[in-house]
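Topology and contacts: notes
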Amino acid sequence: MKNQGEKQTTDSLSEIMNIDRLVHSPARLAILTYLSVVEDGDAVYLLNQTGLTWGNLSANVTRLQEAGYIEVVKEFKDRKPHTLLKLTDRGRKAFQGYQNKMKELLDMKKPISREGWRISRLNRIK
Amino acid sequence: MDTSDQNEIERRVFASFFQAGFIEAFTSIFLLQLGLPALFSRSGFGDLESALLALPIALLLLIGVFLIRKFVVIPRLGKVRFLPERRRKVSKLMIVPLLTLIAGAIVGYIFAENASLRHIFAAQMPFILIPIIVFSAAAYFLDMRRLYVYGAIVGLVFPLGKYLETVIVSRNTLPATILFTAFVFLGMATVFFVYFLRRYHEPEV
């Protein structure tokens, strides 16, 4: 019985290691969250909702674009540059996968015991 | 984050596009459209003339609100296309006032045909029920709870004006009550708009 509990804790810890780190960053998570609730939105919308600076937003958008999670369309409107952003199917799946995984981890009734933490560390060393 | 959390985020994002006082401005215009013809008709103009005089004022205000939205608010908030579910909800909202007007016309016709009912309801009920129905529908479809309160206020203005008319015997009491409420909403819209301008600045690209 005790072994089963330890195994469950160890599994949950290894699940944390498998989390999508591209989504896990607070800035990128905020970008994906605000893009997931609309069909598309421009950079000003994301800037206002996330509270990021232009530079920070641009850097994180580029990383998400490179991963194929978001689609970026740059155009000119009334002779002003306008950047439109949209979550791709891949991005939506990654975001949903991240949400499910985090929910599973956070919903686990059993708190991580000291013993479980020790076993997971030993496993990693092995 | 489950679906209900995401729905709440979506609701907040949608509501953030109405924080510049537009709801209050539209409510004010709605009340002006009720109060101004009443004021003009009690100043000696005919019913049709009063309505025609009030119409350009409302139209000018509406155009002003749309221009402010286009050139001041949207550049500060950014452009967004909401999900089809939200767009469907908003389009349903457009149907409700139309259905209410049709229902009002049918009810009005029934009352007009029946002389015993005419004096009891015909004069006041549309002014109470139509705002409550329209504002409640807007509150439901736009997910904005404060619109229920606005609907109740707008629905109560007309009977309150009628009641005050019996207390303060003046022929301008009813329009004054409606116009006072309209200016209160206009004041609220101005406060929200100034707060919006101080909070959001047009981003430098």
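Note: the structure precedes this text.
Now for a quick tour of the structure. Just so it is clear, the structure is predicted and the values come from calculations on it, not from any experiment. (Residues numbered from 1 in each chain as written. Chains lettered and ligands numbered in written order. Predicted model: local features only at pLDDT ≥ 70, side-chain atom pairs only at ≥ 80, totals over all residues.)

**Some words on the overall build of chain B**
- Secondary structure assignment for chain B yields 8 helices and 1 strand.
- Element order for chain B, N to C, with α for helix and β for strand: α-α-α-β-α-α-α-α-α.
- The 205 residues of chain B split such that 22% are buried.
- Sequence separation of at least 24 residues holds for 65% of the intrachain contacts in chain B that already meet a minimum separation of 6. (Helix = DSSP H or I, 4+ residues; strand = E, 2+ residues; numbered from the N terminus. Buried ≥ 20, exposed ≤ 12 C-beta atoms within 10 Å, placed from the backbone. Contact = placed C-beta atoms within 7 Å.)

**Points about the interface of chain A and chain B**
- Chain A puts 18 residues into the contact, and the matching count from chain B is 16 residues.
- Secondary structure elements with two or more residues in the side of chain A that touches chain B: α3 (26–36), β1 (38–42), α4 (43–50), β3 (80–87) and α6 (89–107) of chain A.
- Considering only residue class, the side of chain A that touches chain B consists of 7 nonpolar, 6 polar and 5 charged.
- Pairing of β1 of chain A with strand β1 (residues 80–82) of chain B, which is carried by 3 bridges, proceeds in the antiparallel orientation. In the strand pairing of β1 of chain B, Val38 of chain A is matched with Phe82 of chain B. (Nonpolar A, V, L, I, M, F, W, Y, C, P; charged D, E, K, R; others polar. Pairing = 2+ DSSP bridges.)

**With respect to helix α3 (residues 47–77) of chain B**
- Taking 1.5 Å of rise per residue, the 31 residues of α3 of chain B would be expected to cover 45 Å, and the 42 Å separating its terminal C-alpha atoms lies within 8% of that figure.
- The largest bend along α3 of chain B measures about 40° and falls at Arg69 of chain B.
- When α3 of chain B is considered as a whole, its buried residues turn out to be Ala54, Val73 and Leu77 of chain B.
- Looking at the buried residues of α3 of chain B, the elements they touch are α4 of chain A together with α2 (22–42) of chain B.
- Residue Gly78 of chain B follows α3 of chain B closely and has a positive phi angle near 95°. (Expected span 1.5 Å × (residues − 1). Bend = angle between axes of the 7 residues up to and from the residue.)

**A closer look at the environment of Ala59 of chain A**
- Assignment of secondary structure puts Ala59 of chain A in helix α5 (residues 54–66).
- Judged by C-beta crowding, with 13 C-beta atoms within 10 Å, Ala59 of chain A ranks as partly exposed.

**Overview of α2 of chain B**
- Here α2 of chain B is 21 residues long and its end C-alpha atoms lie 30 Å apart, about the 30 Å a rise of 1.5 Å per residue gives.
- Looking one or two residues beyond α2 of chain B, the residue adopting positive phi is Gly44 of chain B, at roughly 110°.

**Some details on the environment of Val96 of chain B**
Residues and elements named next belong to chain B.
- Looking at where Val96 falls in the secondary structure, it is placed in helix α4 (residues 84–113).
- Its 16 C-beta neighbours within 10 Å are what place Val96 among the partly exposed residues.
- Sequence separation between Val96 and Ile133 is 37 residues; the distance between their C-alpha atoms is 8.3 Å.

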